[in-house]
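# Residue-level structural notes
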Amino acid sequence: MAAASINSAFLSLHKPVKDLRSFSPISQTPKFLTKPKNLSGAGAGAVKAVAKEQDVIPVQSDDFTDHQVGSLVSEIEGDKEVQLIGGFGGGDGRLSFEGGFSSAASSSGGGNGNGNGNGNQEGEDFVKLMDRAINATIVLAAGTFGITKLLTIDCDYWHGWTIYEILRYAPQHNWSAYEEALKQNPLLAKMMISGVVYSIGDWIAQCCEGKPLLEFDRTRMFRSGLVGFTLHGSLSHYYYYFCEALFPFQDWWVVPVKVAFDQTAWSAVWNSIYFVVLGLLRFESPSTIFKELKATFTPMLTAGWKLWPFAHIITYGVVPVEQRLLWVDCIELIWVTILSTLSNEKSEARIIDAPADPITISSSEPSEVC
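So, here's what we can say about the structure. The model shown is predicted, which means the values in this text are computed figures rather than measured ones.

## Overview of the environment of Y240
Along the polypeptide, Y240 turns up in helix α6 (residues 218–246). Given a relative accessible area of 4%, Y240 falls into the buried group. Taking C-alpha positions, Y240 is 9.4 Å from Y316, a pair spaced 76 residues apart along the chain. Aside from chain neighbours lying at most four places away, what touches Y240 is H312, T315, Y316, V321, R324, L325 and V328.

Shown next, in the form of structure tokens:
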């Protein structure tokens with residue numbers, strides 16, 4: 001009874017605390033425990049009690065992730081000696097075990113969990129790095145090609161030219177080349193310009209939404225550029241000639257009338273086409289597309305009234321009919337940003353707000369006990 005009370009009193013005094021700063025570093029010099037010789041008789045119980053007080057060696061955990069200080073307690077029970085190691089973590093700051101098997105198992109289990117988590121994180125980082133590399137390659141290749149074509153417009157006549165002369169005549173000769181392309185194939189030239197403008201506009205829209213410069217959605221940008229190339233360039237080409245035939249007058253009041261017609265009939269038609277085609281390219285159902293178009297039709301139309309009436313005063317009052325699409329495409333960089341943002345915000349909000357699978361919900365929720 002005396003030995004048990006001494007042992008419990010000693011363990012309570014040596015219970016480790018959670019604040020590691022209160023521990024002093026352990027000396028690297030090993031401490032050896034000398035056991036008393038086997039005695040018999042009346043003094044055996046007293047010697048065992050003294051041995052329990054002496055058989056306490058400060059030890060340090062082998063787990064390098066948690067350098068807590070523990071205690072090695074040696075108890076003599078009958079003819080067997082049992083060693084208990086205490087003070088390494090646990091729910092209450094202390095874990096006692098025999099032989100150290102629990103520590104090895106928990107360390108290996110924790111290592112496997114950390115390994116899986118690190119592996120998943122490394123995989124995600126690798127995928128993100130590859131996306132950035134592909135996007136950077138696309139931007140670099142397209143930018144290099146465009147700048148090279150603009151600067152080398154006079155490469156056949158560069159003999160004896162200085163850099164100043166090359167940069168001086170490049171804008172004028174590029175404009176002459178554009179006018180020549182309009183004469184040879186006006187529809188294709190306008191389609192290519194609209195495709196480039198709509199691609200860049202969607203890229204700008206993604207950056208305005210908070211995405212990093214080289215983490216844009218390539219599929220989304222390709223969809224917008226495809227709509228601009230196939231539909232906007234061709235339809236706008238025929239629309240401006242139709243508008244001139246519809247209002248063939250040269251009076252001052254014709255410009256406001258054309259602007260009003262553009263911002264009601266033509267804007268409603270084109271915004272609807274753009275929204276519907278993008279929805280089809282995202283493989284959305286017709287009912288979903290119609291529902292989203294109905295919700296965004298008025299906001300898109302009224303948003304255009306804040307920008308286009310001022311731009312179209314120049315479009316219909318100053319710019320010739322064959323040059324109007326180029327001027328409009330320059331303003332489209334702003335408008336496509338608004339259009340693309342509105343269209344994709346509705347689609348992403350619908351995906352986020354979509355209800356989860358009932359089977360998944362039933363399996364994830366705990367069953368109620370009646």
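## Topic: unusual backbone geometry
Most peptide bonds are trans, and most residues other than glycine sit at a negative phi. Positive phi, close to 60°, is recorded for F283, a residue that is not glycine. Within the secondary structure, F283 sits in the loop between α7 (254–281) and α8 (286–304). Judged by its relative accessible area of 78%, F283 falls in the exposed class.

## Re the nonpolar core
Ranked by size, the top nonpolar core spans 22 residues in total, and within it Y239, Y240, W270, Y274, W308 and Y316 carry the most contacts. For this core, the elements supplying multiple residues, two or more each, are α6, α7, α9 (308–317) and α10 (324–353). Looking at this core element by element, the count peaks at six residues for α7. Residues within four places of Y316 in sequence aside, it is in contact with Y239, Y240, C243, V255, K258, V259, D262 and R324.

## Things to note about a nonpolar patch on the surface
A cluster of nonpolar side chains, contributed by V196, I200, I204, L333, I334 and I338, occupies part of the molecular surface with about 440 Å² of accessible area. For the nonpolar patch, the secondary structure elements donating two or more residues are α5 (186–208) and α10. Position of I334 among the secondary structure elements: in helix α10.

## Side note on the side chain of H232
Topologically, H232 is positioned in helix α6. Given the relative accessible area of 3%, H232 is considered buried. With near-sequence residues (within four places) excluded, H232 lies in contact with S194, Y198, V227, W270, L325, D329 and E332.

Rules used throughout
Residues numbered from 1 in each chain as written. Predicted model: local features only at pLDDT ≥ 70, side-chain atom pairs only at ≥ 80, totals over all residues. Heavy atoms only, no water. Helix = DSSP H or I, 4+ residues; strand = E, 2+ residues; numbered from the N terminus. Buried < 20%, exposed > 50% of the residue type's maximum accessible area, 1.4 Å probe, protein only. Contact = heavy atoms within 4.5 Å. Core = buried A, V, L, I, M, F, W, Y, C linked by side-chain atoms within 4.5 Å. Patch = residues over 30% accessible without salt bridge, like charges linked within 9 Å, V, L, I, M, F, W, Y side chains within 5 Å. Areas by Shrake-Rupley, 256 points an atom, 1.4 Å probe, with all protein chains shown as cover. Salt bridge = Lys/Arg side-chain N within 4 Å of Asp/Glu carboxyl O.

Purely geometric stuff here, so don't read any function into it on its own.
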